[in-house]
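Single-letter residue listing:
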Amino acid sequence: MEARQGVYVAGDAASYWDPVVGCRRRVEHLNFAEEAGSLAGKNMVASLLSGNNKSSSRTSSSSYYQHQSSLWSTLGPEISWDAVGLIDSRLLLTRAFFASSTTTGDDDNDIGHKSSKEENSTTRSFSHIPDSSIGRLTKGVVFYLTPKEKRLVGILLWNMPDEIYTDANYPAPSRLNLARSLLAQKLIIDLDDSTENNLQNSTGNNLRQLASQFDVYGEIAEDYAHLQEYIKRKKLDEDNNNNNNITNNNDNSTFSSVDNKPPNM
C-alpha cells in the first residue's frame, strides 16, 4: 500500500481505510502483513514499469487493499479462535451463540436441532460474551455490531475449524470466507429476535439465522459424512454388480462355445 508518493507500507506500520467496516484501522497480525506486503510489492513494480514520475505514483495497474484479513490465536490444545473485521467489545455491541456442555432446557435459545454428537450440549444466545458460569464453551460464534446502525462489522469463531466439513478430494466451504462475505454485505441486523414468531416473520437480517450457517453443532459436517458414506456404499454396490455381470457374461460365453462345438466324427 502506498502511504505517500513512492513510500509503500505493509504490516504493523500500515494504517488504511477499510471500506467494509467503515473506518481507518491498523491490523497487527500475520495474515495482514502477508497480504499487504504482497500488494505493496506489486504496486511498486507497477509504478516502476510504468515509469511514472508525476506527483502521484498511482497507475492504472495499481491495486487497492481489499482483502479482509483474519486474526487468530491458540490458547493451549483445546482453545482457539479466529476472527475477521472489528472485534472490540468495548466499542461495539456483541451477540454470541455458544454451544455449552451444560443443558439449560431453554428451547427458545436453540439453533436448529441437536445432532447425535451434541446430545449433552445446548446452543444459547447471549447479548454479551458469556463467562464460565454457564459451563464449558465448546464452540461458538460472536457477532460485533455498530451501536447506532446495528451494522455487522466483525465475526469471531470460537473453537471452530475453518473448514465446515472434511473432504480429501474437494475443497470444503470456509467459515472465514463465509464471515468475510457477510461483512462485505454490510448487513443491518434486526435485534428484535426474542420470540419464535419474530424468527419466522422478521424481514431483517436475523443473527440466529446467520449463526446457523456456521454449523455450531457440526450438523452439516455430520450430514456430509453420512452422504460420503452413502456414496461410497453405492459405488461399492455398483462395482460388485458390474463384476457379477462380467462373470455371468464370461460363463455364458463358455457355455455357448461348448454347445456350438461340432460333434466328433
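Rules and cut-offs
Residues numbered from 1 in each chain as written. Predicted model: local features only at pLDDT ≥ 70, side-chain atom pairs only at ≥ 80, totals over all residues. Heavy atoms only, no water. Pairing = 2+ DSSP bridges. Helix = DSSP H or I, 4+ residues; strand = E, 2+ residues; numbered from the N terminus. Core = buried A, V, L, I, M, F, W, Y, C linked by side-chain atoms within 4.5 Å. Buried < 20%, exposed > 50% of the residue type's maximum accessible area, 1.4 Å probe, protein only. Domains from an automatic or database assignment. pLDDT = per-residue confidence, 0-100. Contact = heavy atoms within 4.5 Å. Phe/Tyr/Trp six-rings, centres within 6.5 Å; stacked < 30°, edge-to-face > 60°.

1. Here we look at the pairing of strand E5 (residues 70–74)
Inference 1: As defined by bridge partners, E5 adjoins strand E6 (residues 80–85) across five bridges and the pair is classed as antiparallel. Following the sheet pairing, Trp 72 is matched in E6 by Asp 82.
Inference 2: A loop of five residues connects E5 with E6, the two strands running antiparallel in sequence, and Gly 76 in this loop sits at a positive phi of about 80°.

2. With respect to the nonpolar core
Inference 1: Val 141, Phe 143, Leu 152, Ile 155, Leu 182, Leu 210 and Phe 214 are the most contacted members of the largest nonpolar core, which has 44 residues in total.
Inference 2: Put simply, the parts of the chain that give this core at least two residues each are helix H1 (30–50), E6, strand E7 (93–100), strand E9 (137–145), strand E10 (152–158), helix H2 (175–184) and helix H4 (207–212).
Inference 3: Looking at this core element by element, the count peaks at six residues for E9.
Inference 4: Shared between two domains, this core takes at least three residues from each, and those domains are domain 1 (2–52) and domain 2 (70–102 + 133–194 + 202–242).

3. Things to note about the confidence of the model for the protein chain
Inference 1: Chain-level statistics for the protein chain give a pLDDT mean of 76 and a share of 70% at 70 or above.
Inference 2: When the elements of the protein chain are averaged for pLDDT, helix H3 (residues 196–201) gives the smallest value, 39, and E10 the largest, 95.
Inference 3: Scored below 50 in pLDDT, residues 103–120 shows 34 contacts in the model against residues more than four places distant or in partner chains.
Inference 4: Segment residues 194–204 is flagged for pLDDT under 50; beyond a separation of four residues in sequence, or across chains, it makes eight contacts in the model.

4. Some points on the pairing of E9
Inference 1: The buried count for E9 comes to nine of nine residues, which makes it a mostly enclosed element.
Inference 2: Taken together, the six bridges between E9 and E10 define a ladder with antiparallel strand orientation. Each bridged residue has a counterpart across the sheet, and for Gly 140 the counterpart in E10 is Trp 158.
Inference 3: Between E9 and the antiparallel strand that follows it, E10, lie six residues; Lys 150 among them carries a positive phi value of about 60°.

5. What about the packing of aromatic side chains?
Inference 1: Tallied over the entire structure, the rule returns four aromatic pairs.
Inference 2: Each ring, one from Tyr 16 and one from Phe 32, has its centre 5.2 Å from the other, and the planes form 10°; the classification is stacked. On the criterion of sequence distance, the pair formed by Tyr 16 in strand E3 (residues 16–18) and Phe 32 in helix H1 is long-range, its members being 16 residues apart. Phe 32 carries the same exposure label as Tyr 16, and that label is buried.
Inference 3: The interplanar angle of 70° and the centroid separation of 6.5 Å between the aromatic rings of Phe 98 and Trp 158 together place this pair among those described as edge-to-face. A residue pair is termed long-range when its members are at least 10 positions apart, and Phe 98 in strand E7 and Trp 158 in strand E10 qualify at 60 residues.

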